Amino acid sequence: MDDLRAKVEEIRREFKSLIEEVGDLDALERIRIRFIGKKGEVTELFKVLRTLPPEMKREAGKLLNQLKNEVETSIARKKDELERLARRAAYDLSLPGRRHRLGHKHPLTLIVEELNEIAKGLGFEILTESPEIEWDYYNFEALNIPAHHPARDMWSTLFITDKMLLRTHTSPVQIRVMEKRTPPLKVFFPGRVYRLDPFDQTHAPAFYQAEGLYINRNVSFAELKGTLELFVKELFGPSAKLKFVPSYFPFTEPSAEVAVYYNGEWLEILGCGMVHPKVFEAVGYDPEFWTGYAFGLGPDRIAMIKYGIDDIRLFYENDLRFLKEF
Ligand code: PHE
């Protein structure tokens with residue numbers, strides 16, 4: 001009996017030192033087999049039990065069962081622990097979270113949104129959507145620019161078919177709005193436009209415009225001038241220097257351009273004028289009764305001035321080093 005007790009103690013010590021150090025599930029399985037497998041050290045001891053005289057069996061049995069229980073519980077606990085560690089290695093919940101990088105708005109989007117806000121403040125309704133593929137009729141004809149007229153040279157056009165093109169300005173939206181509504185109306189529509197232009201420091205084949213149209217009775221040129229002065233000062237600050245220069249557009253009469261003084265030179269940022277009677281005729285408004293003004297702004301130019309950028313291509317190359325500046 002003392003022999004058995006000593007043997008149990010020895011196995012227990014050996015088992016304890018091994019189980020403490022085991023680092024992976026495979027090694028743990030080897031320990032399990034070594035001690036409580038079919039031919040394990042503890043299992044073998046139970047075979048000895050059978051050979052003992054009955055008066056010793058009871059005590060010896062208790063001793064062995066206790067050892068076996070101890071071994072089983074330790075192995076189960078260790079298995080749990082090792083499995084948990086393995087899971088944690090795959091998903092380390094203690095690591096700091098990965099930050100989502102939020103994008104931000106493109107500088108031109110920022111300008112267009114600012115223009116919309118200013119226009120809203122001046123009482124314009126904002127139209128956010130309009131077709132970029134347009135009929136010749138809306139882009140030219142209805143705006144008093146007949147086919148083969150030299151005025152077409154002002155817009156280097158990308159034709160899709162004889163009658164369909166990529167709009168060269170946002171002015172066709174004037175026609176679309178007036179065809180659908182009856183005055184008075186006061187609308188503002190930003191959008192992308194296209195021209196067969198080289199891609200250089202000051203030109204891009206696709207760029208932005210934002211256009212305002214106001215139709216009512218007795219609209220005056222003074223009103224247009226006042227509105228644009230407010231607009232430009234809201235945009236560049238009250239000390240901004242601007243000038244009106246007489247100009248020509250087939251769909252406005254009289255027409256003007258507004259330039260802003262920037263970096264030692266005058267930069268043209270918009271075209272404007274009183275809506276031409278021919279345009280009213282095209283949409284079925286009586287030109288003797290209705291009057292109105294229109295103006296078209298260049299968000300790209302405005303962004304260049306506001307942000308001090310000297311190359312329009314930067315807006316379209318989508319170089320993150322540039323875009324992150326805003
Ligand atoms: N559509 C003209 C252009 O692209 C700008 C403009 C708009 C002029 C409205 C007058 C009135 O150059």
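Cut-offs applied
Residues numbered from 1 in each chain as written. Predicted model: local features only at pLDDT ≥ 70, side-chain atom pairs only at ≥ 80, totals over all residues. Heavy atoms only, no water. Helix = DSSP H or I, 4+ residues; strand = E, 2+ residues; numbered from the N terminus. Rg over C-alpha atoms; globule rule 2.2 N^0.38 Å. Contact = heavy atoms within 4.5 Å. Salt bridge = Lys/Arg side-chain N within 4 Å of Asp/Glu carboxyl O. Buried < 20%, exposed > 50% of the residue type's maximum accessible area, 1.4 Å probe, protein only. Near = heavy atom within 4 Å. Polar contact = N/O pair within 3.5 Å; in protein donor to acceptor, adjacent residues only side chain to side chain. Areas by Shrake-Rupley, 256 points an atom, 1.4 Å probe, with all protein chains shown as cover. Nonpolar A, V, L, I, M, F, W, Y, C, P; charged D, E, K, R; others polar. Core = buried A, V, L, I, M, F, W, Y, C linked by side-chain atoms within 4.5 Å. Pairing = 2+ DSSP bridges. Axes fitted to C-alpha atoms, helices over the stretch in contact; angles between N-to-C directions. Domains from an automatic or database assignment. Lys, Arg positive; Asp, Glu negative; His and termini not counted. Phe/Tyr/Trp six-rings, centres within 6.5 Å; stacked < 30°, edge-to-face > 60°. Lys NZ or Arg CZ within 6 Å of the ring centre and 35° of its normal. Expected span 1.5 Å × (residues − 1).

## A closer look at the overall build of the protein
Consideration 1: If you tally the helices and strands in the protein, you get twelve helices and ten strands.
Consideration 2: Taken over the C-alpha trace, the protein has a radius of gyration of 42 Å; the compact-globule value for 326 residues is 20 Å, which it surpasses by more than 25%.
Consideration 3: Judged by the C-alpha coordinates and their principal axes, the protein covers about 130 × 40 × 35 Å.
Consideration 4: Of the contacts made within the protein by residues no fewer than 6 positions apart, 65% connect residues no fewer than 24 positions apart.

## Some points on the pattern of salt bridges
A side chain with one charge may pair with a side chain of the opposite charge, provided their charged atoms come close.
Consideration 1: For the structure shown, the criterion picks out 18 salt bridges.
Consideration 2: In this structure, the salt-bridge partner of Arg-152 is Glu-141, at a minimum N-O distance of 3.5 Å. Taken together, the positions of Arg-152 in the loop between α6 (136–139) and β3 (158–159) and Glu-141 in the loop between α6 and β3 put the pair eleven residues apart, joining distant regions of the chain.
Consideration 3: Residue Glu-141 is classed as partly exposed on the basis of its relative accessible area of 36%.
Consideration 4: Within the structure, one salt-bridge network assembled from shared partners comprises Glu-9, Arg-12 and Glu-70.

## Overview of the site of the ligand
Consideration 1: What surrounds the ligand is a group of 15 residues, the closest being Trp-155, His-169, Ser-171, Arg-195 and Gln-209.
Consideration 2: In the model, a nitrogen atom of the ligand is placed 3.0 Å from a nitrogen or oxygen of the His-169 side chain.
Consideration 3: Here the ligand, which alone exposes 330 Å², has 93% of that area covered by the protein.
Consideration 4: Listing elements by their share of the shell around the ligand, those giving two or more residues are β6 (206–216), β9 (265–275) and β10 (291–297).
Consideration 5: Per-class residue counts for the shell around the ligand are six nonpolar, seven polar and two charged.

## Some words on the nonpolar core
Nonpolar side chains tend to gather and get buried jointly when the protein is soluble and globular.
Consideration 1: Formed by 40 residues in total, the largest nonpolar core has its most connected members in Leu-115, Phe-188, Phe-236, Leu-270, Phe-295, Leu-297 and Phe-315.
Consideration 2: Counting residues per element, this core draws most heavily on helix α8 (residues 221–236), which supplies six residues.
Consideration 3: Look past the residues within four positions of Phe-236 in its chain and what remains in contact with it is Val-260, Ile-269, Ile-302, Ile-305 and Lys-306.
Consideration 4: Among the nonpolar cores identified, the runner-up in size contains 27 residues, and Val-187, Val-275, Phe-280 and Trp-290 belong to it.

## Focus on the sheet that holds strand β1 (residues 125–126)
Consideration 1: The strand order across the open sheet formed by seven strands is β1-β5-β6-β10-β9-β8-β7, and the pairing between neighbours is mixed. Here the strands that pair on one side only, and so sit at the sheet edges, are β1 and β7 (242–249).
Consideration 2: α8 contacts β5 (185–194), β6, β7, β8 (252–262), β9 and β10 of the sheet and is inclined by roughly 145° relative to β9.

## Some words on the domain arrangement of the protein
Consideration 1: Entries for the protein in the domain assignment read domain 1 (2–89) and domain 2 (107–323).
Consideration 2: Look at where the C-alpha atoms of domain 1 and domain 2 centre, and you get two points 88 Å apart.

## Regarding the side chain of Arg-167
Consideration 1: Inspection of the secondary structure puts Arg-167 in the loop between β4 (164–166) and α7 (172–180).
Consideration 2: Within the buried core, Arg-167 has no salt-bridge partner, and the shortest N-O distance to an opposite charge, that of Glu-132, equals 4.6 Å.
Consideration 3: Of the polar contacts made by the side chain of Arg-167, one reaches the backbone oxygen of Arg-192; its length is 2.8 Å.
Consideration 4: Ignoring anything within four residues of it in the chain, the contact list for Arg-167 reads Ser-130, Pro-131, Glu-132, Glu-134, Asn-139, Pro-172, Val-173, Gly-191, Arg-192, Val-193 and Tyr-194.

## Side note on the packing of aromatic side chains
Consideration 1: Evaluation of the coordinates by the stated rule reveals 19 aromatic pairs.
Consideration 2: Grouped by ring-pair contacts, the aromatic residues Phe-124, Phe-188, Tyr-214, Phe-231, Tyr-293 and Phe-295 constitute a single cluster.
Consideration 3: The ring of Tyr-138 carries Arg-176 above its face, with NZ or CZ at 4.3 Å from the centroid.

## Thoughts on helix α5 (residues 107–121)
Consideration 1: Here α5 spans 21 Å end to end across 15 residues, near enough to the 21 Å set by a 1.5 Å rise per residue.
Consideration 2: Turning to α5, its buried residues are Pro-107, Leu-108, Ile-111, Val-112, Leu-115, Asn-116, Ile-118 and Ala-119.
Consideration 3: Looking one or two residues beyond α5, the residue adopting positive phi is Gly-123, at roughly 95°.

## Examining helix α10 (residues 299–307)
Note: α-helices contain 3.6 residues per turn, so residues at a spacing of three or four share the same orientation.
Consideration 1: Turning to α10, its buried residues number three or more, namely Pro-299, Asp-300, Ile-302, Ala-303, Met-304 and Ile-305.
Consideration 2: Where α10 ends, the next residue or the one after it, Gly-308, has phi of about 65°, a positive value.

## Some details on the pairing of β8
Consideration 1: Taken together, the seven bridges between β7 and β8 define a ladder with antiparallel strand orientation. Bridging across to β8, Phe-249 finds its partner in Thr-252.
Consideration 2: Counting the residues between successive antiparallel strands, the hairpin from β7 to β8 contains two residues.
Consideration 3: Here β8 pairs with β9 via nine bridges, running antiparallel.

## Quick look at the environment of Leu-85
Consideration 1: With respect to the element layout, Leu-85 can be found in helix α4 (residues 54–90).
Consideration 2: Taking the relative accessible area as the measure of exposure, Leu-85 reaches 46% and is therefore partly exposed.

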